[in-house]
Structures are given as C-alpha cells and as structure tokens.
Amino acid sequence: GRMAIERICSSLILSKTCEKYAVEIVVATLPKGVKDPAEYFENKSRSSDGFKSEVLDQAVEWSLWYIQTLLLKYNSEAIQGTPGSFADTCERVADFIATFPLPTDRSKRAYEVSKDLAKIIAKSSSSQTLQIQLESDLLNMVARKAAGKNAMERRIESIEGYKSQNGTLAINRILEGGSSSISIEHEKLARNASKNHKMEQFNRMNIDKK
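Given the structure is predicted, the values throughout are model-derived calculations rather than measurements. (Residues numbered from 1 in each chain as written. Predicted model: local features only at pLDDT ≥ 70, side-chain atom pairs only at ≥ 80, totals over all residues. Heavy atoms only, no water.)

J.: Looking at this structure, I do not really get the overall build of the protein. What am I missing?
T.: Secondary structure summary: the protein contains 10 helices and two strands in total. Along the protein, helices (α) and strands (β) appear in the sequence α-α-β-α-α-β-α-α-α-α-α-α when read from the amino end. Counting the 210 residues in the protein, one finds 31% classified as buried. Of the contacts made within the protein by residues no fewer than 6 positions apart, 54% connect residues no fewer than 24 positions apart. About 13700 Å² of surface is accessible on the protein, with carbon and sulfur atoms providing 54% of the total. (Helix = DSSP H or I, 4+ residues; strand = E, 2+ residues; numbered from the N terminus. Buried < 20%, exposed > 50% of the residue type's maximum accessible area, 1.4 Å probe, protein only. Contact = heavy atoms within 4.5 Å. Areas by Shrake-Rupley, 256 points an atom, 1.4 Å probe, with all protein chains shown as cover.)

This is how it looks when you write it as structure tokens:
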C-alpha cells in the first residue's frame, strides 16, 4: 500500500533504477476509499476511460510524490524539533534530496519544494523573498548532508570486505537519524575495521621476524 511505496521511495531503489535504465517512474493514486484497481472497477459506473483520466493521467513523478508526502506530514501544532514540526519536515526533505548524486537534480528539487515550504509558513500565499530564503537554507542543508554522505561512503567503501550496497544502506540509515538497525551496521563496520587492523599488525610482525 501507500506505506510500502513510501519505504521504496525513501531508499535508493527507484533513483538507481532510473539512473541505470533511463526510465521514468510515476506514482498513481486511487480515489479515496478504493484499495486497488479491481475494487475501482467493481463500481459499474466506472470505466477504463475513467480510470485513465482519474488515475493514470494524474500520476506524479515518484520523487515529487514522495516530497509531497513528506510535506503532508507537517503538523502546525507540533512542538519545534518534534516529528511533524517545520524543522523536522525540512530535515526529512533535505535528507531525501541529498540522496540524489547530481547537484543539478538537488538544486531543481530544492527550488520546487521551497515554494511549498513558503506556503506552509505563510499559510496561503507566499512571498518571493521568503521562497528564495527557504531555497537557500534548504540547499545549504542538502549540500552539507550530501557532502557528509559522500565522505562516509568513501570511508565505508575503503573498508575491505564491506560491500558497496550495504555501505550505502548504512549511510542512508545514519543520515535518517538513527535506529536500532544502525547499531548493527556500526558493529559490522567496527568489526571489519578491527579485523583489517589486526591483519596489518600480524603482517608487520611477520616482516619484523624475517
């Protein structure tokens, strides 16, 4: 369902797929109360043409859909810094935008989302000045996160025996704020680093004996 799509969007699966196969992935939303396409057609008043115009033609590019989903989690009554607050919403959006490897892609998405963030603050219409300030702040956040991600990725990939895909997953979990699974990834990294260090010491000892 929707939560499964959110999890897929938050991972690197879709962005990697688009990059590798040059395909466009979109997310289509069914009308409220409809669980799947089969249920849509159970209503005799609906037709294939209606499904196309009401569902397929309204499909949204997957990254834009996910960003809008993150923005919908904003709660104006949430305490600053808590889930749903404006700061938390900006952090989540920045975390996601930072996963895109090309700076041009990150800038494009930051520009697009700054309009919506400005409307959240202004509640109705947003000023150009506010939008520009938010875009600048968001780009700075994204740049820091992307730089940290790249540095961490290089460090992880330098550890022998630690696969790149696992390293990327660990980075994303760390940047998302931490969970119990992150500790497991850290332990794996620590074990690998310790193992390599001990091996280097062992090799030095053998060289000294010779």
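J.: Is there a simple way to explain the packing of helix 5 (residues 62–72) against helix 6 (residues 86–97) in this structure?
T.: Where helix 5 contacts helix 6, the axes come no closer than 9 Å and their chain directions differ by 165 degrees. Of the possible angle classes, the one that applies to helix 5 and helix 6 is roughly antiparallel. Handedness of the crossing formed by helix 5 with helix 6: right-handed. Of the residues in helix 6, those in contact with Trp62, Ser63, Tyr66, Ile67, Leu70 and Leu71 of helix 5 are Thr89, Arg92, Val93, Phe96 and Ile97. (Axes fitted to C-alpha atoms, helices over the stretch in contact; angles between N-to-C directions. Parallel < 35°, antiparallel > 145°, perpendicular 65-115°, else oblique. Left-handed = near helix turned anticlockwise from the far one by under 90°.)

J.: Sorry if this is basic, but what is going on with the pattern of salt bridges here?
T.: Any two side chains of opposite charge can pair, on the condition that their charged atoms come close. Applying the stated criterion across every chain, the model contains seven salt bridges. Salt-bridge contacts for Arg2 lead to Glu6; the nearest nitrogen and oxygen are separated by 3.7 Å. Here Arg2 pairs with Glu6, and both are found in helix 1 (residues 2–10), just four residues apart, close to one helical turn. One salt bridge connects Asp88 with Arg92, and the closest N-O pair in it is separated by 3.0 Å. Here the residue Asp88 and the residue Arg92 both occupy positions in helix 6, the gap between them amounting to four residues, near one helical turn. (Salt bridge = Lys/Arg side-chain N within 4 Å of Asp/Glu carboxyl O.)

J.: Explanation requested: the nonpolar core in the structure shown.
T.: In summary, soluble globular proteins display a tendency toward joint burial of nonpolar side chains. Residues Trp62, Val113, Leu117 and Leu138 are the most contacted members of the largest nonpolar core, which totals 28 residues. For this core, the elements supplying multiple residues, two or more each, are helix 2 (13–21), helix 5, helix 6, helix 7 (103–122) and helix 8 (128–157). Setting aside chain neighbours within four positions, we find Val113 in contact with Ile67, Leu71, Val93, Ile97 and Leu138. (Core = buried A, V, L, I, M, F, W, Y, C linked by side-chain atoms within 4.5 Å.)

J.: Mind showing me how you'd approach the side chain of Arg109 here?
T.: In this structure, Arg109 sits in helix 7. No salt bridge is formed by the buried Arg109. Its closest oppositely charged neighbour is Glu61, at 4.0 Å. Among all residues touching Arg109, those that are not within four sequence positions of it are Glu61, Ser63, Ile67, Ile97 and Phe100. (Lys, Arg positive; Asp, Glu negative; His and termini not counted.)

J.: What is the right way to look at the confidence of the model for the protein in this model?
T.: Close reading of the predicted structure is inappropriate where its pLDDT is low. Across the protein, the average pLDDT comes to 79, with 72% of residues at or above 70. Looking at the elements of the protein, mean pLDDT is at its lowest for helix 10 (residues 180–209), recorded as 51, and at its highest for strand 1 (residues 26–27), recorded as 95. Predicted confidence for residues 178–187 stays below pLDDT 50, and this span has nine contacts to residues more than four positions away or in other chains. (pLDDT = per-residue confidence, 0-100.)

J.: When you look at the environment of Leu71 in this model, what are you seeing that I'm missing?
T.: Note that Leu71 resides in helix 5. Residue classification places Leu71 among the buried positions, given a relative accessible area of 8%. Counting along the chain gives 45 residues from Leu71 to Asp116, while the straight-line C-alpha distance between them is 8.1 Å. Setting aside residues no more than four positions away along its own chain, Leu71 makes contact with Thr89, Val93, Val113, Asp116, Leu117 and Ile120.

J.: What should I look at first to understand the environment of Ser53 in this one?
T.: Along the chain, Ser53 turns up in helix 4 (residues 48–54). A polar atom in the side chain of Ser53 sits 3.2 Å from the backbone oxygen of Gly50. (Polar contact = N/O pair within 3.5 Å; in protein donor to acceptor, adjacent residues only side chain to side chain.)

J.: Is there a simple way to think about unusual backbone geometry in this case?
T.: Among all residues except glycine, the phi angle is most often negative; among peptide bonds, the trans geometry is most common. Even without glycine at this site, Ala22 takes up a positive phi of about 55 degrees. Structurally, Ala22 is set in the loop between helix 2 and strand 1. A relative accessible area of 71% means that Ala22 is categorised as exposed.

J.: Looking at this structure, I do not really get the packing of aromatic side chains. What am I missing?
T.: Describing an aromatic ring pair means giving the distance of the ring centres and the angle of the ring planes. Under the criterion given, the structure shown has eight aromatic pairs. Between Tyr40 and Phe41 the ring centres are 5.2 Å apart and the planes differ by 80 degrees, which places this aromatic pair in the edge-to-face class. Through pairs of rings, three or more aromatic residues link up here, namely Trp62, Tyr66, Phe96 and Phe100. Arg46 extends its terminal NZ or CZ atom over the ring of Tyr40, reaching a point 4.6 Å from the ring centre. One Lys or Arg, Arg109, reaches over the ring of Phe100 and ends 4.1 Å from the middle of that ring. (Phe/Tyr/Trp six-rings, centres within 6.5 Å; stacked < 30°, edge-to-face > 60°. Lys NZ or Arg CZ within 6 Å of the ring centre and 35° of its normal.)

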